[in-house]
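Examination of the molecular architecture
Chain by chain, the residues run as shown.
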Amino acid sequence: MSKKPFYITTPIYYPSGNPHIGHCYTTVACDSIARYRRMQGHDVMFLTGTDEHGLKIEQKAAEAGITPKEYVDNIVEIFKKLWSYMNISYDRYIRTTDDYHVESVQKIFKALYDKGYIYKGEYSGKYCTPCESFWTDSQLVDGKCPDCGREVIEAKEEAYFFKMSPFAERIEKLLTETDYLQPKTRATELVNNFIKPGLEDLCVSRTSFKWGIPVTFDPDHVVYVWIDALSNYITAMGYENSAYNDFEKYWPADTHMVAKDIMRFHAIIWPAMLMALELPLPQHLAVHGWITFNGQKMSKSLGNVVDPFVLGERYGADAIRYHILREMALGSDSSFSNEIMINRINSDLANGFGNLVSRTVAMAIKYFDGTLPTEKQAGEFDDELIAECKALRDKVDECIDKTQLQNALTEIFKVVSRANKYIDETAPWVLAKDEANKPRLAAVLYNLLEAIRITSALLCPFMPTTMPQVWKQIGASESDVTYENAGTFGVLSENVTVCKGDVLFPRIDTDKEIDELNKLIEAQMAEAEAQNQTIELEPEITIDEFFKTELRAAKVKECEKVKKSKKLLKLQLDDGMGGRQVVSGIAQFYEPADLIGKTVMIVANLKPVKLCGEESCGMICAADKPDGSAKVVFLSDDVAPGTKIR
């Protein structure tokens with residue numbers, strides 16, 4: 001009998017660039033919860049999608065010479081390809097460019113206007129283009145965007161505003177007196193930073209760009225990001241449109257899951273919008289931290305993105321799913337490193353679970369030709385293992401209810417460790433030496449197979465590709481690995497037959513693999529950094545800000561290819577100031593001999609960085625060509641090294 005509907009959502013991702021491992025965490029976490037709830041018998045709706053409007057998309061598309069819709073279409077295909085590769089079982093994918101969503105948002109905007117919650121005014125303040133967020137002076141950190149740390153610009157334009165203050169008291173109670181926010185520890189910072197100082201009205205329209213949903217009664221305005229984006233959770237269920245008819249069934253959502261950088265919008269603005277529309281509030285907002293790389297938030301603009309396709313090709317999607325879920329505690333950041341990942345795969349999956357399965361199946365084949373006898377004899381150590389197996393499902397249930405996936409996996413692997421210890425305690429290889437011990441040996445192997453059955457059933461939502469392979473090896477049928485049977489010990493047939501299979505998680509040579517992976521990531525970072533330095537369109541700057549950039553002439557004295565990189569050249573330059581080394585991503589377009597003796601234009605006061613282990617003190621200016629190549633900006637030979645360019 002089906003249980004009550006369960007509705008879970010990821011945020012809708014902004015397709016300004018390709019997805020990375022940070023996107024994977026939220027989506028894999030929601031997928032694991034959705035799969036677990038389905039296993040429990042719930043009618044699940046799992047929603048994900050993309051937030052496709054805004055100035056940054058308009059700029060990126062213009063940069064690429066295509067329309068905004070063409071630009072987002074290309075990126076969305078990559079997102080969907082990744083979700084397929086990671087075995088994401090979403091039920092619905094929403095795009096904010098979908099006609100039904102556009103229709104709904106226009107109706108929602110008009111309804112809020114008619115209710116008196118939206119009014120026209122003028123915005124003047126600080127704006128971060130990459131984050132598409134307005135900030136007050138008090139919210140800035142060192143004068144920069146508190147979310148991404150980039151420069152903000154002064155913005156002034158006619159705009160519509162959503163009144164936030166009428167909802168301040170109710171939102172504060174929602175955050176402090178209920179379990180809406182998970183973990184609740186984040187409620188204090190939201191209340192102190194945004195509600196106590198007085199909720200400021202929210203800018204909800206723009207006139208400075210056109211790539212957005214037009215305001216029906218004032219077409220010079222497009223609906224600004226948050227009313228457009230946040231509404232997806234209800235428009236995808238058919239609210240104010242005829243595309244779907246699921247709103248009454250699934251709303252309010254059981255769980256919205258987001259990263260901490262958009263917590264404010266989901267914890268304050270979204271509830272205010274729903275209150276204004278007189279709609280029920282979601283049950284829970286689960287907020288996780290960032291996956292950090294060398295202490296920095298993983299970000300394409302910072303050049304520290306880890307490509308999940310690359311990782312998946314090397315280790316399999318399930319190993320990556322397991323690693324990112326096991327490392328991330330709800331509400332906290334987790335640090336990504338090659339060493340942490342490889343060690344986790346080796347210790348938990350290869351040496352732990354994989355070894356448990358292979359040893360047990362191998363012993364059943366070796367000692368009983370694969371089929372256990374029905375005669376069994378209980379003995380020492382059985383009760384403790386059986387008790388832990390029986391108690392496991394309830395422990396995992398509790399963790400899932402609290403959105404604590406890391407803890408759920410920890411509980412499962414406690415039983416895996418206990419089963420491996422049970423092998424050492426009972427020593428099947430010793431029992432096998434005496435024919436009289438065969439009933440005891442059969443019982444030991446049966447108990448191990450049952451421990452594998454239960455742990456693999458509960459692991460399936462987290463690693464859905466691998467667990468069916470486990471069931472085939474241990475002789476379990478689909479009915480043996482249901483949610484109900486995961487709480488029972490002794491489900492497998494007494495004369496169960498096992499089947500030898502492939503190694504589930506091959507052990508990795510740590511030192512060799514870390515070296516290989518570091519090379520891949522360094523190359524990826526170098527490519528991203530080169531792209532950011534040459535093509536990323538930044539917010540407008542003043543003439544004073546421009547003069548902070550030192551453009552100078554320099555003559556190429558030496559040039560060579562960077563080892564272990566196909567794209568980088570290392571150049572020794574006479575810059576009129578004693579010389580410097582610059583690393584440039586132009587090896588595909590120039591041979592070293594083509595550059596020696598040429599005078600180039602460099603950014604001379606760029607902060608030094610390391611690319612593939614080589615220090616780069618500056619950047620060579622080059623132009624992008626339509627075919628994707630780059631042409632270095634050469635200067636006349638009569639321009640002396642060190643000459644300032646203005």
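Above: the structure in question.
The following refers to the structure shown. Everything numeric in this text was worked out from a predicted model, so none of it was measured.

**Overview of the overall build of the protein**
When you go through the protein residue by residue, the secondary structure sums to 21 helices and 27 strands. For the C-alpha atoms alone, the extent of the protein along its principal axes is close to 95 × 70 × 40 Å. Out of the 646 residues in the protein, the part that is buried amounts to 55%. Once local pairs closer than 6 in sequence are excluded, the contacts in the protein between residues at least 24 apart make up 75%. Accessible surface, the protein as shown: approximately 27800 Å² in total, 48% of it carbon and sulfur. Positive and negative side-chain charges in the protein, numbering 74 and 94 respectively, have mean positions lying 2 Å apart.

**Notes on the pairing of strand E18 (residues 569–574)**
Of the pairings in the sheet, the one linking strand E17 (residues 551–561) to E18 comprises 6 bridges and is antiparallel in character. From the neighbouring strand, Cys559 faces E18, where its bridge partner is Leu571. Where E18 lies against strand E19 (residues 580–584), 5 bridges are found, and the strand directions are antiparallel. The residue bridging Leu569 from the neighbouring strand is Ser584, located in E19. Connecting E18 to the next strand, E19, in antiparallel fashion are 5 residues, including Gly576 with a positive phi near 75°.

**Examining the nonpolar core**
Tyr315, Met341, Phe353, Leu448, Leu458, Phe462 and Val470 are the most contacted members of the largest nonpolar core, which has 109 residues in total. Excluding residues that lie within four positions of it along the chain, Met341 makes contacts with Leu311, Tyr315, Ile320, His323, Phe336 and Leu517. Counting residues in hydrophobic clusters, the runner-up holds 69 residues, among them Phe247, Met263, Ala267 and Val287.

**Points about helix H10 (residues 263–276)**
Here H10 spans 20 Å end to end across 14 residues, near enough to the 20 Å set by a 1.5 Å rise per residue. The largest bend along H10 reaches roughly 30° and is located at Ile269, with the proline Pro271 sitting one to four residues downstream. Taken across its 14 residues, H10 has 14 buried, putting it largely inside the fold. Immediately downstream of H10, the backbone of Glu278 shows phi near 60°, a positive value.

**Observations concerning the environment of Ile324**
Relative to the assigned elements, Ile324 resides in helix H12 (residues 317–327). Residue classification places Ile324 among the buried residues on the basis of a relative accessible area of 5%. Between the C-alpha atoms of Ile324 and Asp434, which are 110 residues apart in sequence, the distance is 45 Å. Setting aside residues up to four positions removed in sequence, Ile324 forms contacts with Ile21, Cys24, Tyr25, Val28 and Ile291.

**Side note on the packing of aromatic side chains**
With the rule as written, the count across this model stands at 25 aromatic pairs. Their ring planes at 15° and their centres at 6.0 Å tell us that Phe162 and Phe167 sit as a pair that is stacked. Phe167 sits in the buried class, given a relative accessible area of 3%. Ring pairs connect the aromatic residues Tyr7, Tyr233, Tyr239, Phe247, Tyr250, Trp251 and Trp270, which therefore count as one cluster. Positioned above the aromatic ring of Trp290, the side-chain terminus of Lys260 is 4.4 Å from the ring centre. Seen from the ring of Tyr483, Arg393 lies directly overhead, with NZ or CZ sitting 4.3 Å from the centre.

Reading the values: the criteria
Residues numbered from 1 in each chain as written. Predicted model: local features only at pLDDT ≥ 70, side-chain atom pairs only at ≥ 80, totals over all residues. Heavy atoms only, no water. Helix = DSSP H or I, 4+ residues; strand = E, 2+ residues; numbered from the N terminus. Buried < 20%, exposed > 50% of the residue type's maximum accessible area, 1.4 Å probe, protein only. Contact = heavy atoms within 4.5 Å. Areas by Shrake-Rupley, 256 points an atom, 1.4 Å probe, with all protein chains shown as cover. Lys, Arg positive; Asp, Glu negative; His and termini not counted. Charge placed at Lys NZ, Arg CZ, Asp CG, Glu CD. Pairing = 2+ DSSP bridges. Core = buried A, V, L, I, M, F, W, Y, C linked by side-chain atoms within 4.5 Å. Expected span 1.5 Å × (residues − 1). Bend = angle between axes of the 7 residues up to and from the residue. Phe/Tyr/Trp six-rings, centres within 6.5 Å; stacked < 30°, edge-to-face > 60°. Lys NZ or Arg CZ within 6 Å of the ring centre and 35° of its normal.

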